[in-house]
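A structural walkthrough
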Amino acid sequence: LLGAVIGWKLLTRNITEVALTPADEIAFVTTADFLRVSGENLSSATIKTAAKRENFSTGKAVLEYRCEDHQRPLLLHTMIVLQQRADHAWSTYTGMTTLAMMGLPSNVTLEDNELLTWGDASMSKTFVVKGQKVGNVFVTRKGMSVFFTSFIGTSIDDPAALRDLLTPRLEAFATMKP
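These numbers come from a predicted model, not from an experiment. (Residues numbered from 1 in each chain as written. Predicted model: local features only at pLDDT ≥ 70, side-chain atom pairs only at ≥ 80, totals over all residues. Heavy atoms only, no water.)

Digging into the packing of helix 3 (residues 31-38) against helix 5 (residues 159-174)
Convention followed: An axis is simply a line fitted to the C-alpha atoms; with a helix, the fit covers only the stretch in contact. Between two such axes, the angle follows the N-to-C directions and lies from 0 to 180 degrees. Numbering goes from the N terminus for both helices and strands, where a helix is a DSSP run of H or I of at least four residues and a strand is a run of E of at least two. Orientation is classified from the angle alone, with under 35 degrees giving roughly parallel, over 145 giving roughly antiparallel, 65 to 115 giving roughly perpendicular, and any other angle giving oblique. A crossing counts as left-handed when the near helix is turned anticlockwise from the far one by less than a right angle, and as right-handed when that turn is clockwise. By definition in these notes, contact holds between two residues if any of their heavy atoms fall within 4.5 Å. Each residue is assigned to one of three groups, with Ala, Val, Leu, Ile, Met, Phe, Trp, Tyr, Cys and Pro labelled nonpolar, Asp, Glu, Lys and Arg labelled charged, and all others, Gly among them, labelled polar.
Two numbers describe how helix 3 lies on helix 5: the axes approach to 9 Å, and their chain directions differ by 155°. With respect to helix 5, the element helix 3 is oriented roughly antiparallel. For helix 3 against helix 5, the interelement crossing comes out right-handed. Counted together, D33, F34, R36 and V37 of helix 3 and A161, D164, L165 and R169 of helix 5 form the full contact between these two elements. Each residue belonging to the contact of helix 3 with helix 5 can be placed in one class, and the counts come to four nonpolar, no polar and four charged.

See the structure below:
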C-alpha cells in the first residue's frame, strides 16, 4: 500500500491545473449546448458543473467538463486528452472505448448507433436500460488527441441533432494543442 501511495505522489506531482482558455471551453459539450439540442428543461438550481485543465510534465494535457443534475438522473461528461505522440493517442482512444463499456451496471447495455463518425477513428453508442434508450457516448481520435463525451439521463437519436451538438466542438478540438 505504501508503494502505491508513493507511486501516486510521484505521478501526480508533475501535474499542474491551469485556467481554461475560451478556446478550451469551446470544445466542451456544455449544459446549455445539450439543452438546446435535446429539448430538456433543467432547473439551474439543481445543476452542478465543473471544468478543469491539467497539464502534465510529459506535455500531455487533459481537459474535463462535468454537469450533474441532482434532482433527476442526468450526467454530461466531456474529456479531451491531448497527447505528444500518435501512439499514445491511440492507446488513450482504445482505453476510452473500452472504459465506456466497463463499470456499467449489469442492466445497462451499449448498442452501436452509427449516428456520427469523425476523425481518424470513432465510436458512437447508445446506453440502453430494459429496452429504453437512456444516453449516448461518443469517442473519437484525431491525430494525437482524443475526445470523449457522454450523456446519461436522456438520449439523442437523431443523427442531425448529434452532429449539430458535436461538430462545432469537434472542430474546436481538432485545433487544440497540449
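What about helix 3?
The cut-off we apply is this: A 1.4 Å probe rolled over the protein chains alone gives each residue an accessible area, and that area as a share of the maximum for its type sets the label: buried under 20%, exposed over 50%, partly exposed in between. Directions pointing from the helix axis toward each C-beta atom define the arc.
Among all positions of helix 3, only T31, D33, F34 and V37 are buried. Summarising the axial view, the buried residues of helix 3 lie within an arc of 160°, below the 170-degree limit, and thus occupy one face. The secondary structure elements touched by the buried residues of helix 3 are strand 2 (47-56), strand 3 (61-69), strand 4 (74-82), strand 8 (145-152) and helix 5. Where helix 3 terminates, the next one or two residues include G39, which has phi positive at roughly 80°.

So, the sheet that holds strand 4
In a beta sheet, neighbouring strands pair by backbone hydrogen bonds and run either parallel or antiparallel. Cut-off, in case you're wondering: Note: two strands are recorded as paired if DSSP finds a minimum of 2 bridges between them.
Spatially, 1-2-3-4-8-7-6-5 is the arrangement adopted by the eight strands of the open sheet, whose pairing is antiparallel. Each end of this open sheet is capped by a strand with a single partner; those strands are strand 1 (15-18) and strand 5 (108-112). Neighbour-to-neighbour, the strand axes of the sheet open up by a mean angle of 20°, direction not taken into account. Inspection of the sheet shows strand 1 paired to strand 2 by four bridges, in the antiparallel sense. Paired with V18 across the two strands is R53, which belongs to strand 2. Taken strand by strand, helix 3 contacts strand 2, strand 3, strand 4 and strand 8, and its axis lies near 120° from that of strand 4.

A look at the packing of aromatic side chains
Here is the rule: Stacked, edge-to-face and tilted are the three classes for Phe, Tyr and Trp ring pairs, Trp counted by its six-membered ring, which pair at centre distances within 6.5 Å; planes under 30 degrees apart are stacked, over 60 edge-to-face, the rest tilted. Our definition puts a charge over a ring when NZ of Lys or CZ of Arg is within 6 Å of the ring centre and also within 35 degrees of the ring normal.
Applying the stated criterion to the full structure yields five aromatic pairs. Between the aromatic rings of W90 and Y93, the centroid separation amounts to 5.4 Å while the plane-to-plane angle is 35°, which identifies the pairing as tilted. Here the residue W90 and the residue Y93 both occupy positions in helix 4 (residues 86-99), the gap between them amounting to three residues, near one helical turn. For W90, a relative accessible area of 43% puts it in the partly exposed group. Given a relative accessible area of 8%, Y93 falls into the buried group. Between the aromatic rings of W118 and F173, the centroid separation amounts to 6.1 Å while the plane-to-plane angle is 50°, which identifies the pairing as tilted. Remark: F173 occurs in helix 5 and W118 occurs in the loop between strand 5 and strand 6 (121-129); sequence separation between them is 55 residues. Owing to a relative accessible area of 1%, F173 belongs among the buried residues under this scheme. One aromatic cluster in this structure is built from W118, F147 and F173. The ring of W118 has K142 lying over it, and the distance from NZ or CZ to the ring centre is 5.6 Å.

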